[in-house]
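Coordinates in review
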2 protein chains.
Amino acid sequence: MEMNSVNHQIRLAARPSALPVPSDWELTTEPVPVPGPGEFVVGVSHLSVDPAMLRWINGRSSDSAPVAIGAVMEAGAAGQVTASEHPGFGVGEHVYGAFGVQEFARSDGTGVTKLDPLLAPLPTYLGALGTTGMTAYFGLLDIGRLSEIDTVVVSGAAGAVGSVAGQIAKIEGCRVIGIAGGPKKCRWITEDLGFDAAIDYKSQDVARALEKHAPGGVDVFFDNVGGEILDAVLTRLARGARIVLSGGVSQYGAHQDRGPANYLRLIGARASMTGFIAPDYADRYAEARAELAGWLREGRLVSREDIHQGGIEAFPDALLKLFAGENTGKLVLAVP
Amino acid sequence: MEMNSVNHQIRLAARPSALPVPSDWELTTEPVPVPGPGEFVVGVSHLSVDPAMLRWINGRSSDSAPVAIGAVMEAGAAGQVTASEHPGFGVGEHVYGAFGVQEFARSDGTGVTKLDPLLAPLPTYLGALGTTGMTAYFGLLDIGRLSEIDTVVVSGAAGAVGSVAGQIAKIEGCRVIGIAGGPKKCRWITEDLGFDAAIDYKSQDVARALEKHAPGGVDVFFDNVGGEILDAVLTRLARGARIVLSGGVSQYGAHQDRGPANYLRLIGARASMTGFIAPDYADRYAEARAELAGWLREGRLVSREDIHQGGIEAFPDALLKLFAGENTGKLVLAVP
């Protein structure tokens, strides 16, 4: 394994209130870290680029402290151990962890998972077999209390979590309607992923389209988007509907969040809206990963990763790509 | 029993988009109805005046069809049978039903409950022993899944449902904080009803006050109000909090509803917001009413009715009184 002599890093230089601009980031160069006793160093090959990152930097996450100014940007990443003084992690092993937006990361193994590159390519461990897949899996099955008679609607349906969520609902026997932006994404989710219907929110009235595709109402809404799409689905809830609140990407780039004006529809529908995050289910990840890997192997589940090239320096652009709706599937930044 | 010869009624003359104005109503006079076979006639003595009425007339209720233009305004009411051709209801019996805003109503007994005036005064059957009490009881215990270690916050805490909900939570052993408008209401809920603390939303910053009164966060929020109060409580949720969505009176008089901008806090708190209506629990009303009547008898529960005088003609004013926040406890219109 060839070693670089320097480690490039993207650090947060200023706290954006909406979408970050180039001056909010700083590219720094340091020597590649050397592991101390009980530590190892990972050469990062693939970085996870996630909508929630915007909340981590703008200080509006209610879930965790914001990334500090001057700190390496946080990110989940996959890579290979390049040096080790840790008895449990040997050079050459493939691992996943919160390594941050940098080429090399030092770790004591906390929260690090070993990956099997023969079972699935590394980017898939950021997609269907990673936090992305876990969010879809536990959100639908646990929070959404999915049953096969349900009509399920997924927003951000061509995105990382949404595309997996919709496929899981299909595997479970549900009728599945995806909401996505543009004909290309809509074709992908119906033709390649097997969704029963797609609604293009850029050209269609979502509430009206739901009247057609979900005439009995929506039993489970897996929402990554919020905003007008959430408001439209709120008008089409079936009695006892469950809204699984996974995220609100339409609001992350806004200066101020906009609440769902139709939230009182929850009363008439006797419906619930419940927030969750996947890491609460960490002790059940192995079970979920085994099931998801089985579906992947059988070809019933497609994990699509949209690999953005350009290395660490390209991270700021890759993040903006998410909010422009330009990715299909899981956005991954390749680090050469 | 003395009989009037005419029956006064309040009918909906026009559909208001916000708070109704006098010209939205019409006072009509008809002969007192005569019961046909299997029917009886009720002389109404007490009308329930409810925030939800505004949704019934402005067509923004997702729960039921709006009151038709020209129809007698819908209302729950208590009264006494004045004439009967029904074997199950005798003249002089006290009953509750959806008799509408009129002095006399004809009924075939559907949805009508007999009342025992020796157990509790008739207005109490519109308050703690009526739909008001049922909403508080099932909302907290069933939707809120109340446990004695919970910190409970109630909005509209000096109102009909809120004042009962807070007292039930106290009886169940919870710490209870009420949010109400003005020092008089705040004193009433703490001094007379035994709430642990009151927050006057007219003079206090609700989020800051909750930091003081609920330092560990809010486990159950029983919300009748919505708007800024809901947004404030969303910032103070404990992990796993349950928001019981009973109503949104702050929005009923608005031309357009305003959604809770902080709804994404449900994710960080792994919290839920669930809508419900009491009539879904109709088959358990008897059980709930027995328990509430026991608490009333023991003096552990206070049912306060704010009796508005003036008869049928005073209904439009009584309804506006609710939205001006002028009532304390259950607003009841007395019909002489």
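As a reminder, the structure under discussion sits directly above these lines.
Below: a short report on this structure. Quick caveat, the model's predicted, so the values are computed rather than measured. (Residues numbered from 1 in each chain as written. Chains lettered and ligands numbered in written order. Predicted model: local features only at pLDDT ≥ 70, side-chain atom pairs only at ≥ 80, totals over all residues. Heavy atoms only, no water.)

**Details of the packing of aromatic side chains**
The following threshold applies: Put simply, two rings from Phe, Tyr or Trp (the six-membered ring, in Trp's case) pair if the centres are within 6.5 Å, and we call them stacked under 30 degrees between planes, edge-to-face over 60, tilted for the rest. Strands are runs of DSSP state E lasting at least 2 residues, helices are runs of H or I lasting at least 4, and numbering of each runs from the N terminus. Note on exposure labels: buried denotes an accessible area under 20% of the residue type's maximum, exposed denotes more than 50%, and partly exposed covers the range between, all computed with a 1.4 Å probe on protein chains only. Note on criteria: charge over ring means Lys NZ or Arg CZ within 6 Å of the ring centre, with the direction from the centre no more than 35 degrees off the ring normal.
Counted by the stated rule, this structure contains 12 aromatic pairs over all chains. Relative to phenylalanine 315 of chain A, the ring of tryptophan 25 of chain A has its centre 5.4 Å away and its plane inclined at 85°; by these criteria the two rings are edge-to-face. Of this pair, tryptophan 25 of chain A sits in strand 2 (residues 25-31) while phenylalanine 315 of chain A sits in helix 10 (residues 315-323), and the two are 290 residues apart along the sequence. Taken individually, tryptophan 25 of chain A and phenylalanine 315 of chain A each receive the classification buried, so the pair is uniform in this respect. We note arginine 304 of chain B situated over the ring of tryptophan 188 of chain B; from NZ or CZ to the ring centre the distance is 4.8 Å.

**A look at the relation of the copies chain A and chain B**
Just so we agree on the cut-off: For the least-squares superposition of copies, only C-alpha atoms count, and only for residues with pLDDT at least 70 in both. Whether two residues are in contact is decided by their heavy atoms, any of which lying within 4.5 Å being enough.
Mapping chain A onto chain B leaves a residual RMSD of 0.0 Å; the transformation is a rotation of 180° accompanied by 0.0 Å of translation along its axis. This pairing of chains is accounted for by a two-fold axis. Identified as the residue of chain A closest to the rotation axis by C-alpha distance is glycine 259 of chain A, at 2.1 Å. Take the interface residues of chain A: 100% of them recur as interface residues in chain B, which is what a same-surface contact looks like.

**A short note on the side chain of aspartate 150 of chain B**
All names here are of chain B. Tracing the sequence through the fold places aspartate 150 in the loop between helix 2 (131-143) and strand 8 (151-155). Classification of aspartate 150 by relative accessible area gives buried; the value is 6%. Setting aside chain neighbours within four positions, we find aspartate 150 in contact with Arg145, Cys174, Arg175, Asp219, Val220 and Arg242.

**Looking at helix 3 (residues 160-171) of chain A**
Residue and element names in this part refer to chain A. Short version of the rule: How far a helix is expected to stretch is found by multiplying one less than its residue total by 1.5 Å.
When the terminal C-alpha atoms of helix 3 are compared, their 17 Å separation across 12 residues agrees well with the 16 Å that a helix rising 1.5 Å per residue should span. Within helix 3, 11 of the 12 residues are buried, leaving the element largely enclosed by the surrounding structure. Trailing helix 3 by a residue or two, glycine 173 shows a phi angle of about 95°, which is positive.

**A closer look at the state of the cysteines**
Residues and elements named next belong to chain B. Heads up, the rule is: Working definition: a disulfide is two cysteine sulfur atoms within 2.5 Å of each other.
Taken as a whole, this structure holds 0 disulfides over all chains when the rule is applied. Here cysteine 174 stays free of any disulfide, with the sulfur of cysteine 186 as its closest cysteine sulfur at 20 Å. Classification of cysteine 174 as buried rests on a relative accessible area of 2%.

**Focus: the packing of helix 2 of chain B against helix 3 (residues 160-171) of chain B**
Residues and elements named next belong to chain B. To keep it simple, the criterion reads: To obtain an axis, a line is fitted to C-alpha atoms, over the contacting stretch when the element is a helix, and the angle between two such axes runs from 0 to 180 degrees between their N-to-C directions. Under this scheme an angle from 65 to 115 degrees is roughly perpendicular, one under 35 degrees roughly parallel, and one over 145 degrees roughly antiparallel; angles in between are oblique. Helix crossings get a hand from a simple test, with the near helix turned counterclockwise from the far one by less than a right angle marking a left-handed crossing and a clockwise turn marking a right-handed one. Charged means Asp, Glu, Lys or Arg here, nonpolar means Ala, Val, Leu, Ile, Met, Phe, Trp, Tyr, Cys or Pro, and polar covers whatever is left, Gly included.
Two elements in contact, helix 2 and helix 3, have axes separated by 8 Å at closest approach and are oriented at 45°. Considered as vectors, helix 2 and helix 3 are oriented oblique to each other. In the crossing of helix 2 with helix 3, the sense of the turn from one axis to the other is right-handed. Contacts between helix 2 and helix 3 involve Thr132, Gly133, Thr135, Ala136, Tyr137 and Leu140 on the former and, on the latter, Ala160, Val161, Val164, Ala165, Ile168 and Ala169. When grouped by side-chain class, the residues that make up the contact of helix 2 with helix 3 number 9 nonpolar, 3 polar and no charged.

**What to know about the pattern of salt bridges**
Under the convention used in this document: For this document, the term salt bridge refers to a Lys or Arg side-chain nitrogen within 4 Å of an Asp or Glu carboxyl oxygen.
For the structure on display, the rule yields 27 salt bridges over all chains. Linking aspartate 150 of chain A and arginine 242 of chain A is a salt bridge whose minimum nitrogen-to-oxygen distance equals 3.0 Å. Residue aspartate 150 of chain A is located in the loop between helix 2 (131-143) and strand 8 (151-155), and its partner arginine 242 of chain A is located in strand 12 (residues 237-245); the two are separated by 92 residues in the primary sequence. Assigned by exposure class, aspartate 150 of chain A and arginine 242 of chain A land together as buried. In this structure, the salt-bridge partner of arginine 284 of chain B is aspartate 142 of chain B, at a minimum N-O distance of 3.5 Å. One end of the pair, arginine 284 of chain B, is in the loop between strand 13 (272-275) and helix 9 (285-298); the other, aspartate 142 of chain B, is in helix 2, with 142 residues separating them in the sequence.

**What to know about the sheet that holds strand 13 of chain B**
Filter applied, for reference: Strands are labelled as partners when DSSP assigns at least two bridges between them.
Pairing is mixed in the open sheet, where 12 strands are placed in the order 10(A)-9(A)-8(A)-11(A)-12(A)-13(A)-13(B)-12(B)-11(B)-8(B)-9(B)-10(B). What marks the edges here is a single partner per strand, and that holds for strand 10 (197-200) of chain A together with strand 10 (197-200) of chain B. Recorded for the sheet is a direction-independent mean angle of 15° between the axes of neighbouring strands. Where strand 9 (residues 175-180) of chain A lies against strand 10 of chain A, 4 bridges are found, and the strand directions are parallel. Residue pairing across strands places glycine 178 of chain A opposite alanine 198 of chain A, the latter belonging to strand 10 of chain A. The sheet strands contacting helix 2 of chain A are strand 8, strand 11 (218-223), strand 12 and strand 13 (272-275) of chain A, and the helix crosses strand 11 of chain A at an angle near 150°.

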